[in-house]
Each structure stands twice: as structure tokens, then as C-alpha cells.
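Letter by letter, the chains look like this.
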Amino acid sequence: MPKDKEAVDECEPPSNSNITAFALKAKVIYPINQKFRPLADGSSNPSLHENLKQAVLPHQPAEASPSSSLGSLSQAEKDDYSSSSSVHSAASDDRFLSRTFLRVNAFPEVLASESVDIDLCVYSLHLKDLLHLDTALRQEKHTMFIQIFKMCLLDLLPKKNDELYRKILSKQENDLEELEKGLQVKLSNTEMSGAGDSEYITLADVEKKEREYSEQLIDNMEAFWKQMENIQHFLVDQFKCSSSKARQLMMTLTERMIAAEGLLCDSQELQALDILERTMGRAHMAKVIEFLRLQVQEETRCRLAAIAHGLELLAGEGKLSGRQKEELLTQQHKAFWQEAECFSREFVQRGKDLVKASLAHQVEGTAKLTLAQEEERRRFLAEAQPTADPEKFLKAFHEVLERQRLLRCDLEEEENVRATEAVVALCQELYCSTMDTFQKFVDTLFLQTLPGVTGLPPEECDYLRQEVQENAAWQLGKSDHFRRQQWKLFQELLEQDQQVWMEECALSSVLQTHLREDHEGTIRGVLGRLGGLTEESTRCVLQGHDLLLRSALRRLALRCSALATLTQMRLSGKKRLLQELREQRALEQGSSQCLDEHQWQLLRALEARVLEEASRLEEEAQQTRLQLQQRLLAEAQEVGQLLQQRVECAIGQALLVNARNAATKSRAKDRDDFKRTLMETAVESVYVTSAGVSRLVQAYYQQIGRIMEDHEESRLQHLKTLQGERMENYKLRKKQELSDPSSGGRTAGDAHEASQAVHQRMLSQQKRFLAQFPVHQQMRLHARQQQAEVMDLLEARLETQLQEAEQSFITELAALARVPLTESKLFPAKRGLLEKPLRTKRKKPPPREREDLGVPNDEDLASGDHTSGSLSSKRLSPQESEAGDSENSKKMLKRRGNL
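Since this is a predicted model, take the numbers as computed values, not measurements.

A. Highlighting the overall build of the chain. From N to C terminus, the chain includes 22 helices and two strands. For the chain, the residues scored as buried account for 44% of the 899 residues in total. Considering only contacts within the chain whose residues lie at least 6 apart along the sequence, 83% involve residues at least 24 apart. Counting every atom, the chain has about 47700 Å² of accessible surface; 52% of that belongs to carbon and sulfur.

B. Representation of the environment of Val657 in the model. As for its position among the elements, Val657 is in helix H15 (residues 597–684). When its relative accessible area of 32% is taken as the criterion, Val657 is described as partly exposed. C-alpha separation for the pair Val657 and Ser537, spaced 120 residues apart in sequence, amounts to 8.9 Å.

C. Layout of the pattern of salt bridges. Using the criterion set out here, one finds 44 salt bridges in the structure. For Arg247, the salt bridge is made with Glu536, and the minimal N-O distance between the two is 3.8 Å. Here the residue Arg247 occupies a position in helix H10 (residues 243–316), and Glu536 occupies one in helix H14 (residues 535–591), the gap between them amounting to 289 residues. Among the residues examined, Arg247 registers a relative accessible area of 25% and is labelled partly exposed.

D. A look at the packing of H10 against helix H11 (residues 322–383). With their axes 10 Å apart at the nearest point, H10 and H11 run at an angle of 170° to one another. The pairing of H10 with H11 is recorded here as roughly antiparallel in orientation. Considering only residue class, the contact of H10 with H11 consists of 15 nonpolar, four polar and five charged.

E. Highlighting a nonpolar patch on the surface. Together, Phe769, Leu770 and Phe773 make up an exposed nonpolar region whose accessible area comes to about 330 Å². Among the structural elements, Phe769 can be located in helix H18 (residues 754–816).

F. View of the side chain of Thr567. In this fold, Thr567 is placed in helix H14. Given the relative accessible area of 3%, Thr567 is considered buried. If we ignore the near neighbours within four places in the chain, the residues touching Thr567 are Thr624, Arg625 and Leu628.

G. Structural context of the UniProt feature "coiled-coil region" (unreviewed entry) in the chain. Residues given the UniProt feature "coiled-coil region" (unreviewed entry) here are residues 603–631. Secondary structure within residues 603–631 divides into 100% helix and 0% strand; the distance between the first and last C-alpha atoms comes to 42 Å.

H. Looking closely at the packing of aromatic side chains. Counted according to the given criterion, the structure contains 12 aromatic pairs. With a centroid separation of 4.6 Å and 35° between ring planes, the pair formed by Phe336 and Phe438 is classed as tilted. Highlighted residues: Phe336 in helix H11 and Phe438 in helix H12 (residues 390–454), separated in sequence by 102 residues. Its relative accessible area of 0% is what places Phe336 among the buried residues. Their ring planes at 10° and their centres at 5.7 Å tell us that Phe380 and Phe397 sit as a pair that is stacked. Within this pair, whereas Phe380 is found in helix H11, its partner Phe397 is found in helix H12, the two being separated by 17 residues in sequence. Cluster of aromatic residues (ring-pair linked, three or more members): Phe145, Phe149 and Phe224. Across the ring face of Phe234, the terminal group of Lys171 is positioned such that the distance to the ring centre comes to 5.1 Å.

I. Region of interest: a negative patch on the surface. A surface patch of negative charge is lined by Asp274, Glu277, Asp410 and Glu414. Among the secondary structure elements, those contributing two or more residues to the negative patch are H10 and H12. Looking at where Asp274 falls in the secondary structure, it is placed in helix H10. Taking the relative accessible area as the measure of exposure, Asp274 reaches 32% and is therefore partly exposed.

J. The arrangement of the confidence of the model for the chain in detail. Per-residue pLDDT for the chain has a mean of 77; in total, 77% of the residues score no lower than 70. Predicted confidence is poor over residues 1–90, with pLDDT under 50, and the contacts of this stretch with residues over four places away or in other chains come to 152 contacts. In the model, residues 742–749 has pLDDT below 50 throughout and makes 11 contacts with residues more than four positions away in sequence or in other chains.

Rules used in this analysis
- Numbers given to residues run from 1 along each chain, matching the order in which its sequence is written.
- Local features in a predicted model are, by the rule used here, given only for residues with pLDDT of at least 70; side-chain atom pairs are given and counted only at 80 or more, and totals for whole chains, interfaces and linings are based on all residues.
- Think of the side-chain values as coming from all heavy atoms in the structure, minus any hydrogens and water.
- Put simply, DSSP marks the helices as runs of H or I at least four residues long and the strands as runs of E at least two long, and each gets a number from the N terminus on.
- Using a 1.4 Å probe on the protein chains alone, a residue whose accessible area is under 20% of its type maximum counts as buried, one over 50% counts as exposed, and one in between counts as partly exposed.
- Contacts between residues were defined by any pair of non-hydrogen atoms, one from each residue, lying within 4.5 Å.
- All accessible areas in this document rest on Shrake-Rupley with a 1.4 Å probe, and a residue is counted as covered only by the protein chains that are shown.
- Salt bridges are defined by distance alone: a side-chain nitrogen of Lys or Arg within 4 Å of a carboxyl oxygen of Asp or Glu.
- Throughout, an axis means a line fitted to C-alpha atoms (over the contacting stretch in the case of helices), and angles, computed between N-to-C directions, take values from 0 to 180 degrees.
- The labels follow the angle: roughly parallel below 35 degrees, roughly antiparallel above 145, roughly perpendicular from 65 to 115, and oblique for the rest.
- In the scheme used here, Gly and all other residues not listed as nonpolar or charged are polar, with Ala, Val, Leu, Ile, Met, Phe, Trp, Tyr, Cys and Pro taken as nonpolar and Asp, Glu, Lys and Arg as charged.
- Here the term patch refers to residues with relative accessible area over 30% and no salt bridge, with like charges joined within 9 Å and nonpolar side chains (Val, Leu, Ile, Met, Phe, Trp, Tyr) within 5 Å.
- UniProt positions are given in the numbering used here, feature names are shortened, and annotations may be inferred rather than shown by experiment.
- Pairing of aromatic side chains requires ring centres within 6.5 Å, counting the rings of Phe and Tyr and the six-membered ring of Trp. Pairs whose planes differ by under 30 degrees are stacked, by over 60 edge-to-face, and all others tilted.
- Charge-over-ring contacts are defined here by two conditions on Lys NZ or Arg CZ: a distance within 6 Å of the ring centre and an angle within 35 degrees of the ring normal.
- Note that His is not counted, nor are the chain ends; the positive residues are Lys and Arg, and the negative ones are Asp and Glu.
- By convention, the point assigned to a charge is CZ for Arg, NZ for Lys, CD for Glu and CG for Asp.
- The pLDDT score gives, residue by residue, the confidence of the prediction method on a 0 to 100 scale.

Shown next as C-alpha cells:
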């Protein structure tokens, strides 16, 4: 093998970026990417390799790295390897979790940072994107909930109750706003915990924060569930809505929220894949920038190696002494590496300026887009008709929100690509400038310095310069070939990562299917074994469980993606080590086609180590996935317990409502049976006379008449009061308008602009006249609302008084018929009332009483019919003496119905 090729092999580029970063920070002047520094006599300093092997960044863990030549696989390194191949332990876990990397908030920050861990930074951005996706979907869910609740309220409440409608809706909006504010405060506190304002963060801190995020999001989800459940009680207790209407509203609300959750779930799956694709793209762009930055170092190494070879030829011919050669070579090393360091320093400084400008531009564009999207949402809601087709409205509204969300993501991605292109252009600009400087160094050395030192003619020095440039070009071609191999290996690694992510997505889908089937089977089994639930109650429980389950599974799906990301972050160190070993193997295999026995043994040892590291990586990946999947299953179990508690409460409430309904139906049936039995007993009883029944009926109708008269007087009095208040408000408003000076009067004072003042005064009067119409309409609407509320209160009081009158009549009739009746046995005492008529039927009345009862039998039956009618309908048809009262009652009911 020629000597020049041996020199090239000694200077092959390693793949350890840690050594490069350490050398840059230490401001050394020897080759940054070279573990053996070539001396003037062609020898090397092995102690430098030993020092550099242990030199790592303060924020990076100590890991083994591949050597740059076959000779690096020494016995000492084999001993290190054999000792490092121990079983996975807790200390290894602690070492991986203590890995520290740069805290980044946006992708452009990764491009211009010095000695950055690309994998950890990119995956941390992936976690942030998942959190942003969860926030966007949660806000969309709350927005759709408000719109669905609006539609349900419009179906429930009449159009006259606008104020009540606004109160109910405002209550829900305020509760959701407070809920979101509380969550954002908790998330912000969690983000600032741990390292605080430090520039770096550990992997353990990331895992802790993700776990706390998950707990806080689950708590927020549970709080939203409770808010939905409290809507029915809120409507019944605060706004006196009937239980049936509130229950129907909740069923409709739940059904439409299930449809909304389905839309959100589909959107989450697609956008999670989009986030994964963006993450792979970010890793690709960051690797491109890294390759471009290392290109200057390759140029420096290859040019210095060519210069050293050219000076070695002169020294071999005796035209240059060893001391002169070493002095010249040291000067060139110092100049070249100072220029390379200047390139890196200027790239970082100007790159950070580009990143700041890019982020500022992105913030400005996002703010403008947010305002435009808010206006688009308001315009859509103003033009849409939700109640016409609720399902179509939800789909259209979801499409609007999803399109806006995708536009924001596209804007961010476009800005990232623009920033990457700017950094690439900066790198190329600095590269060209550095290459020009390198060429000046070479020209100065061979065209000015060497002729003066050696006394050689300029033509010979120029010929030697051309040979050095050809040698440098040959070495750069070899380096380019190695970089192409590196890029191919990186592409293969990306494909493997994508395959792993697809497997994780499949596992997540299987887990969600299993959890869904398990929970649905359990709830159906419980409802099947329970008795006493109606079909409507069962459907309501199943709908509520389905909504909660969909929401919980969607949250667990994002948590599964986050844990898969944490798995990749834990394995990134092992993957990087294996990748460097593969690159080293490719370098050694392509370095020469002819290897001696010792070199073949070392190459086989390197290949064996690659296989061993791959096996260890696979084992580590399985253990890490198992550990994090167990954590996921534990969290899924906790969420399942929350679901179980909510469903248990729902089933308990359904059973309670069912029991109350059954008891109410039983009491109503007993009441009807009691009325019928009391009527039969009164007809057949010897104690009930025509005169006694007539006296009771007349007293009953008189009481009803007094009640109706009082009701009519109260109604008229309240209406007069409301009319008076309305007139007073109208007079007060007119007085304020008359006392208010017009704007036209102020402008008319100018004598030079009389015509313009008159025109402005006419416009002002026209506007004021037109403004009176909505004001008058609002006043009339407010008056009608007050009148409706007063009528509702009077109606409720009338119902109560009529029921009390009916109760008094039943009590007196039962006392007249000698039917024992107590307050507690008014409704359920069916059995006791049946026994009493049987005893009274056996009694023989005296002949005189029989004669008294013989004539008015038809009248008694008629009065009995009236009694039955009064007991069943709560409003009796009066006899001839009470015809006026009945007519008033009918008129009142008709007016109330019209109102």
C-alpha cells in the first residue's frame, strides 16, 4: 500500500460529534475530527486518542464510541466492551434518564444550536406537537359542545324566554372558560417546574412532566364530565324546568356529543400521523444541516493531509529539513483550524439571528391567521342554521375548525422549511468564503513561503501546489463516498423508525379496541342483570357511557403516542452508538480491498460488535416498551375506574328515578281507585243524603268561585301594575330624549356652514327616529316576558288552591260517608276503603230514609258524576248556579293557553 494512502487512512473522519463539539469548546488547533494528530515526522500521538476518548460534553452521558480505524480496536477497547456488555440494570436506566439535552420550543432553534442532540430535541418537539393537538381538539370539543347545547336549548325553551336562554348559555360558557383557565395554569406550572429557566433539560424531567400533563388532562376531562352531568340538575333546580324536558335535552345533547367525539377521534388519528411525518422531516432537515457543517471540517482535514504529504515529499528529497517541515505544518494547522473554528462560530451567531427573525415572522403570521380564523368562525355561525339539520351543521363546523387547524400547522411547517433554506444558504455562503481562504493559504504557502525557504524555482513550487490540490481532491472524493454511505445508513434508520412507529400505532389501535369491547361488554352485562330499568333509562345510561368511553380512549391514544416517543428518546443513545458502529464498518470495508490477516480479524471483531450491539438494542427496546406499556395499562386502569364511578352514579340515578316514577304511578293509581271507591260508597251509603251531598257540592263550587275571583283580581292587578311600570319607563325615556341636546344643534351654531348643519341635523333626527324602533321592540319584549313570568306564578298558585279545594271536598265527603280516612292513607288506603262499603251494604235503612232516598236517586247519580269529574280533572263542571264561575275559569284557561 502506498505511503500516501496510508496517510489518508490514518486521517479518515470519525462519526463522533461529541469529540467535535468538545474540541470546538476547548479551542484546540489540532484537527477536530482527528483522534491521532499527525506530527511532522509522520508519527502520531496515541496519548491524544486516549484523552479524547474520555472527553465528553458536560451535558452528555459517557458512552462508548467507535474508533476511526481498525487499529482502534485494541485489547483495552475490547476489555471496555466486554465490561459494558452487562445485563440491563437500574443504574443503566438512571444513566439514560439523566441524559441532558437542549430545551427547544421550535424547530429552527435546533438548526443553529451548537453541539445539539438532534434525536432528543426533535422528539421533544414531537411531544409538544401532541400536547398542542390535544389542546386544539379540546377547545374544538368545548366549542362544539356550546353549539350543540344552544340547539338543544332552542328546542327546549320557547322563543319568548330569550333572557332565560342567555342566562343558561352564559353559565355553561363561563364554566368552560374557568375550566380551561385552570388547566392552562396547571400546565404552565408543570412546564416551569424542574429545571426552570435552565437551557438544558433531562430526559427524567421530560418523562415526569408528561406524566403530570396526563394526570392534569384526565382531571380536566373528568371535570367536563361532571359539568355535563350537572346540566340536568341545573335546569331543574335553578330554572324550574320539568324533569322530563331536562332529561330529553340531556339525551339529545349526549347523542350529538357522541357524533362530535367520533369526528374528533378521526381527526386526531390523521393529525397524529401528520405530526409523525413532520417529525421525520425535521430529523431529515437537521441531518442535512449537520452534514453541511461537517463539510468544512472534512475539507480542512483533507487539505492538511495533502499539504503534509507534499511537504513530506520535499523533506524526502532533502529540499526541506525536518524542523522546517514541522514548523510549516504547524503554521498551516493553526491557520486552517482557526478558520474552521471561525466558520463554526460565525455560523452559530448568524444562524441564531436567522432563527430569531424566523420565529418573529412566524408569530406575526400566526397572529394574523388567528384573527382571520376567528372572523371566519363568527361569520359561519352567523350564517349557519343549526336547528335545520344538526348533523350536517356539526360536520360543516368541524370541517371549518379542522381546516383552520391544518392551516396553522402548514404555516408553521412552511416557516420551518423557510428557516432551513435560509440556514442552508448561510452555510453555503460561509463554506465558499472559507474555501477561498483555504485556497489563499495554499497559494501563500507554495508560491511565497516555500520558494523563500527552499530556494526552489516558482514553477516547481507551482507544480507541487497542483499535485497537493489533486491529492486533496482525491481525498475529498473518498470522503464524499463515505458521506454517501453515511446518508444511506441514515435513510435506512429513518425507514426503520417509521416501521417501529407503524407498529406502535397498530398496538395502540388494538389496545383501544380491547378496552372498548371490555367496557361495553361489562356495562351491558350489568344492565342485563339489573331489573326495573326502562328502555329509555337503559338507552340513556348506554349513551352516557359511550360518550365517556370515546373521550377517554381518545385521551389514552395520545398518551400512547407520547409513551412511544419517550421510548424512542430512551433508546436514542443506543441507536446512535449502533449507527456509528455501522458507519465505522462501512468506512473500514471501503478503505481498501486488500487486508492482511490481522486487519481481517479486527474487521470481523467490528462486525461481531455491530451484531452484538444490535441484539442489545433490541433487548433494551423490548424492556423499555414493556415498562412504558405497563405504565400505560396502569393509567388505562385508572381511567377505567373513573368511567366505572361515573357509570355507577348514572345507573344509581336511573334506578332512583325509576323507583320514583313507579311510586308516583302507584300513588296516582291508588288515588284514582280511591276516588272511584269513594264515589260508589257515597252512592250506596245510608249516611249520605241528597241534602248533605248538595251542601258539600255547593260549598265546593263556591270555594272554586272564590278562588277564580281572587285569581282574576290578582291577574288584573298585576297587569295594571306592569302597565303602569311600562308607562312610567316610557315617559322617563321620552323625558331623557327631550332633555338630550341633538348633535345637529351644536353644528348649526356656525353661521358659515348653515346648510351643512341643517343636513347633519336632519340625518341625526332620522337616525334617532330609526333607533326608536328596536328600543320600542325591546321594551315590548321585556314587558311580555315580565307578563309571562307573572302569569306562570299565578297559574302555579291557582293549581295549588284548586288541589287544596279538591282535597277538602274529598275529606268532607269521606267523613259524611263514614269512611275512616287519615292523611297518610289518602292515596294508598285502597284495601281499607274496599272493606267499608261491604259493611255498609248489609245495613237496612229505616223506611222513612228509604223513601227520602228513593226520589233523588237520579240526582244523586248526577251529583256523583259531577263528583267523579271533579276528582279526576281537578276542574268541576258547575251546576246552574255556578255557570258564571265555570265560564270565567274556561276563559282564564283559554287566555293562559294563548299566552
